[in-house]
Amino acid sequence: MTASVVIAVDGPVAAGKGTLARRLADKYGYAYLDTGSLYRAVGAKVLRAGGDPADADFAARMAESLADSDLAAPDLRSEAVGLAASKVAVVPGVRAALLDYQQRFAHRPPGGKPGAVLDGRDIGTVVCPDAAVKLFVTARDEVRAGRRHKELMDKGESVTFERVLDDLRRRDEQDRARSTAPLKPADDAHLLDTSDLAIEAAVTAAVDIITATLKP
Ligand code: CDP
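Treat the numbers as computed from the prediction; the structure is a model and nothing was measured. (Residues numbered from 1 in each chain as written. Predicted model: local features only at pLDDT ≥ 70, side-chain atom pairs only at ≥ 80, totals over all residues. Heavy atoms only, no water.)

Peer 1: Would you take a moment to explain the overall build of the chain for this structure?
Peer 2: A tally of helices and strands in the chain yields ten helices and five strands. For 216 residues, the compact-globule estimate of 2.2 N^0.38 gives 17 Å, and the chain sits close to it at 17 Å. Expressed as lengths along the three principal axes of its C-alpha atoms, the size of the chain is roughly 50 × 40 × 30 Å. In the chain, the share of contacts with a sequence separation of at least 24, taken over all contacts with a separation of at least 6, comes to 79%. Carbon and sulfur atoms form 54% of the exposed surface of the chain, whose accessible area is close to 10,300 Å². Of note, the chain has its 30 positive side-chain charges centred 2 Å away from the centre of its 32 negative side-chain charges. (Helix = DSSP H or I, 4+ residues; strand = E, 2+ residues; numbered from the N terminus. Rg over C-alpha atoms; globule rule 2.2 N^0.38 Å. Contact = heavy atoms within 4.5 Å. Areas by Shrake-Rupley, 256 points an atom, 1.4 Å probe, with all protein chains shown as cover. Lys, Arg positive; Asp, Glu negative; His and termini not counted. Charge placed at Lys NZ, Arg CZ, Asp CG, Glu CD.)

Peer 1: Which parts of the structure should I look at to understand the pairing of strand E4 (residues 133-138)?
Peer 2: The side chains of a regular strand alternate between both faces of the sheet. Along E4, five of the six residues are buried, which leaves the element largely enclosed by surrounding structure. Here strand E1 (residues 5-10) pairs with E4 via four bridges, running parallel. Bridging from a neighbouring strand, Val 9 pairs with Leu 135 of E4. Pairing geometry for E4 and strand E5 (residues 190-193), over four bridges, is parallel. For Leu 135, the partnering residue across the bridge sits in E5 and is His 190. (Buried < 20%, exposed > 50% of the residue type's maximum accessible area, 1.4 Å probe, protein only. Pairing = 2+ DSSP bridges.)

Peer 1: What's the story with the pattern of salt bridges in this structure? I'm lost.
Peer 2: In a structure, side chains of opposite charge can pair up when their charged atoms sit close to one another. For the structure on display, the rule yields 18 salt bridges. Between Arg 169 and Glu 142 there is a salt bridge, and its shortest N-O distance comes to 3.2 Å. Separated by 27 residues along the polypeptide, Arg 169 in helix H9 (residues 161-177) and Glu 142 in helix H8 (residues 141-154) bring together distant segments of the chain. By sharing partners, the salt bridges in this structure join Asp 141, Glu 142, Arg 144, Arg 169 and Asp 172 into a single network. (Salt bridge = Lys/Arg side-chain N within 4 Å of Asp/Glu carboxyl O.)

Peer 1: In this structure, what is going on with the packing of H8 against H9? I would like to understand it.
Peer 2: When two helices pack together, their arrangement is given by the angle between the helix axes and by the axis-to-axis distance. For the pair H8 and H9, the least separation of the axes is 9 Å and the interaxial angle reads 120 degrees. For the element pair H8 and H9, the recorded crossing hand is right-handed. For the pair H8 and H9, contact is made by Asp 141, Glu 142, Arg 144, Ala 145, Gly 146, Arg 148, His 149 and Leu 152 and by Phe 161, Val 164, Leu 165, Leu 168, Arg 169, Arg 171 and Asp 172, respectively. Of the residues assigned to the contact of H8 with H9, the class counts are six nonpolar, two polar and seven charged. (Axes fitted to C-alpha atoms, helices over the stretch in contact; angles between N-to-C directions. Left-handed = near helix turned anticlockwise from the far one by under 90°. Nonpolar A, V, L, I, M, F, W, Y, C, P; charged D, E, K, R; others polar.)

Peer 1: Help me understand the site of the ligand in this model?
Peer 2: Contacts to the ligand come from 19 residues, most closely from Arg 40, Arg 95, Arg 148, Arg 171 and Asp 175. Here an oxygen atom of the ligand and a backbone polar atom of Ala 14 are 3.0 Å apart. Within the contact set of the ligand, an oxygen atom lies 3.1 Å away from a side-chain nitrogen or oxygen of Arg 121. Relative to its unbound accessible area of 530 Å², the ligand is 97% covered by the protein chains. At the level of secondary structure, the elements contributing two or more residues to the shell around the ligand comprise helix H2 (36-48), helix H5 (79-88) and H9. Ranked by residue count, the leading element in the shell around the ligand is H2, at three residues. By residue class, the composition of the shell around the ligand is five nonpolar, four polar and ten charged. (Near = heavy atom within 4 Å. Polar contact = N/O pair within 3.5 Å; in protein donor to acceptor, adjacent residues only side chain to side chain.)

Peer 1: So what exactly am I meant to see when it comes to the nonpolar core here?
Peer 2: Residues Ile 7, Val 9, Leu 20, Leu 24, Val 117 and Leu 135 are the most contacted members of the largest nonpolar core, which totals 19 residues. Counting residues per element, the ones that place at least two in this core are E1, helix H1 (17-28), E4 and helix H10 (199-214). Considering each element in turn, this core owes the most residues, six residues, to H10. Those residues in contact with Val 117, other than ones at most four positions away along the chain, are Ile 7, Val 9, Ala 21, Leu 24, Ala 25, Tyr 30, Ala 31, Tyr 32 and Leu 33. Ranked by size, the runner-up nonpolar core spans 14 residues in total, among them Met 62, Ala 63, Val 94 and Leu 98. (Core = buried A, V, L, I, M, F, W, Y, C linked by side-chain atoms within 4.5 Å.)

Peer 1: Help me understand helix H3 (residues 56-64), please; the structure alone is not making it clear to me.
Peer 2: Think of an α-helix as turning once every 3.6 residues; residues three or four places apart then point the same way. Within H3 the residues assigned to the buried category are Phe 58, Ala 59, Ala 60, Met 62 and Ala 63. As for H3, its buried residues are in contact with H2, H5 and helix H6 (92-107). The N-capping residue of H3, defined by a side-chain oxygen 3.3 Å from the backbone nitrogen of Asp 57, is Asp 55.

As structure tokens, then:
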């Protein structure tokens, strides 16, 4: 069996990783995994059980018992769940419980697909350090907050731009400061700033990087 081609897409909150990664997976016929949804599912499960996301033992137990139905929870994309996700994500036991699933997905993509695109925070550094291509997607804080604010308003969540900007900075700080698998570009990652790029232009820029990197 030939090894699966893995494309790692990492970056801070609302940098456009998800849309970009999904588009790349479509283009190359690869499987796509939004690894943030796993941490969101653990955060949501803790909140639902009335627990504290900062309680490491409890969060780790919730991660170990994660089921498919938890990944379908309707509130996964809310701001409250995003913050809880970022809190449980500092817990080594939570990260360990989710690692195996992510690595299996990458190396043996579902549906027998020839490759996988994973987006998250530590794909290029911890989950798939041997990924064929690593992208680190960024954008200015205000641009990212504007995108996330629009996404939340479109879904009917009433929240101010300032609040979204504040939450985003708090979550990035938490993600960068943790000692286990902090948010940072891998040494061999390609940086892609999408501040002034519409989605089509971001996809084109990413494809150019992938083509150049995979060139035999
Ligand atoms: O979509 P957004 O950028 O808001 O975040 P997400 O990708 O859904 O991830 C939610 C949270 O999960 C992040 O703030 C991280 O704390 C955590 N996470 C992580 O630690 N490692 C990953 N590979 C993916 C997400």
